[in-house]
Amino acid sequence: YVMTKNSHKQWYQRRVRVLCGEMSPDWSLNDLLEYTEPKFGYTRDSPGFINLVEVLVEMSGPERKNFLQFATGCSSLPPGGLANLNPRLTVVRKEGEGGDACLPSVNTCVHYLKLPEYSSKEVLRERLLQSTQEKGFHLN
């Protein structure tokens, strides 16, 4: 079998995706509901959790990469997507003062997102995107 330049490029791109994970994170509403675990103050029916899932589905490719970098320490998903993220993304309610001004925080080693209960989906989106743009290390 002789590979053409084009077939080699396609083969190479597939191998990179297999070895390095999804380069442009792809997930659906069903993926997020099935492979994300709400705990400690959130359930699958909690308005804050539902808003988060909707915001994540609506994110652009670059926003998804930034979210993954923020929440897991890696900007791509493993081969197989969210189903193979280990440990799974866990969302817990962040308690404390600050209300809508409070930012989400994470424990990247265990894929743990600490999310305040915001007054609206729009505020959640703003604070989440703001958090994913932050650079540096902060204790929370």
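Attention in this report is confined to the structure presented alongside it. (Residues numbered from 1 in each chain as written. Predicted model: local features only at pLDDT ≥ 70, side-chain atom pairs only at ≥ 80, totals over all residues. Heavy atoms only, no water.)

**Some remarks on the pattern of salt bridges**
Quick note on the threshold: Here a salt bridge means any side-chain nitrogen of Lys or Arg lying within 4 Å of a carboxyl oxygen belonging to Asp or Glu. Under the scheme used here, helices are H or I runs from DSSP no shorter than 4 residues and strands are E runs no shorter than 2 residues, and both carry numbers assigned from the N terminus. Relative accessible area decides the class of each residue, using a 1.4 Å probe on protein chains only: under 20% of the type maximum gives buried, over 50% gives exposed, and in between gives partly exposed.
Following the criterion strictly, the structure yields seven salt bridges and no others. With a shortest N-O distance of 3.9 Å, aspartate 26 and arginine 64 are connected by a salt bridge. Of this pair, aspartate 26 sits in the loop between helix H1 (5-20) and helix H2 (29-35) while arginine 64 is found in helix H4 (residues 61-72), placing the two residues 38 residues apart along the sequence. On the basis of relative accessibility, which here comes to 7%, the residue arginine 64 falls in the buried class. Note that glutamate 126 is salt-bridged to arginine 127, the shortest N-O span being 3.6 Å. Residue classification places glutamate 126 among the partly exposed positions, given a relative accessible area of 48%.

**Some details on the pairing of strand E1 (residues 36-39)**
Which entries qualify depends on this criterion: When DSSP locates at least two bridges between a pair of strands, those strands are taken to pair.
Side chains Thr36 and Pro38 project from E1 onto a buried face, and the interleaved Glu37 and Lys39 project onto a face without burial. Bridge count between E1 and strand E2 (residues 89-93): four bridges; the pairing is parallel. Bridge pairing links glutamate 37 to threonine 90 in E2.

**Thoughts on the side chain of asparagine 51**
This is how the line gets drawn: Residue contacts follow a heavy-atom distance rule, with two residues in contact if any of their heavy atoms lie within 4.5 Å.
By the element assignment, asparagine 51 lies in helix H3 (residues 47-58). For asparagine 51, a relative accessible area of 19% puts it in the buried group. With near-sequence residues (within four places) excluded, asparagine 51 lies in contact with Ser120, Lys121 and Leu124.

**Here we look at the pairing of strand E4 (residues 112-115)**
Only one face of E4 is covered, namely the face carrying Leu113 and Leu115; the face carrying Tyr112 and Lys114 is uncovered. When strand E3 (residues 105-107) meets E4, the two strands line up antiparallel, connected through three bridges. Considered in E4, the bridge of serine 105 is made with lysine 114. The turn joining E3 and E4, which pair antiparallel and follow one another in sequence, is formed by four residues; a positive phi near 55 degrees is taken by histidine 111.

**Notes on the packing of H3 against helix H5 (residues 121-133)**
Packed helices, taken two at a time, are described by the angle between their axes plus the distance between the axes. Here is the rule we go by: The axes are straight lines fitted to the C-alpha atoms, using for helices just the contacting stretch, and the angles between their N-to-C directions are given from 0 to 180°. Note on angle classes: values under 35 degrees are labelled roughly parallel, values over 145 roughly antiparallel, values of 65 to 115 roughly perpendicular, and the remainder oblique. Two helices that cross are described as forming a left-handed crossing if the nearer one is turned anticlockwise from the farther one by less than a right angle, and a right-handed crossing if clockwise. Each residue is assigned to one class: nonpolar for Ala, Val, Leu, Ile, Met, Phe, Trp, Tyr, Cys and Pro, charged for Asp, Glu, Lys and Arg, and polar for all the others, Gly among them.
Orientation of H3 relative to H5, taken along the N-to-C sense of each, is 60 degrees, at an axis distance of 9 Å. With respect to H5, the element H3 is oriented oblique. Read as a crossing pair, H3 and H5 show a hand that is right-handed. Along the contact surface, H3 presents Gly48, Asn51, Leu52, Glu54, Val55, Leu56 and Glu58, while H5 presents Lys121, Leu124, Arg125 and Leu128. Residues of the contact of H3 with H5, tallied by class, amount to five nonpolar, two polar and four charged.

Treat this as a map of the structure, not an account of what it does.
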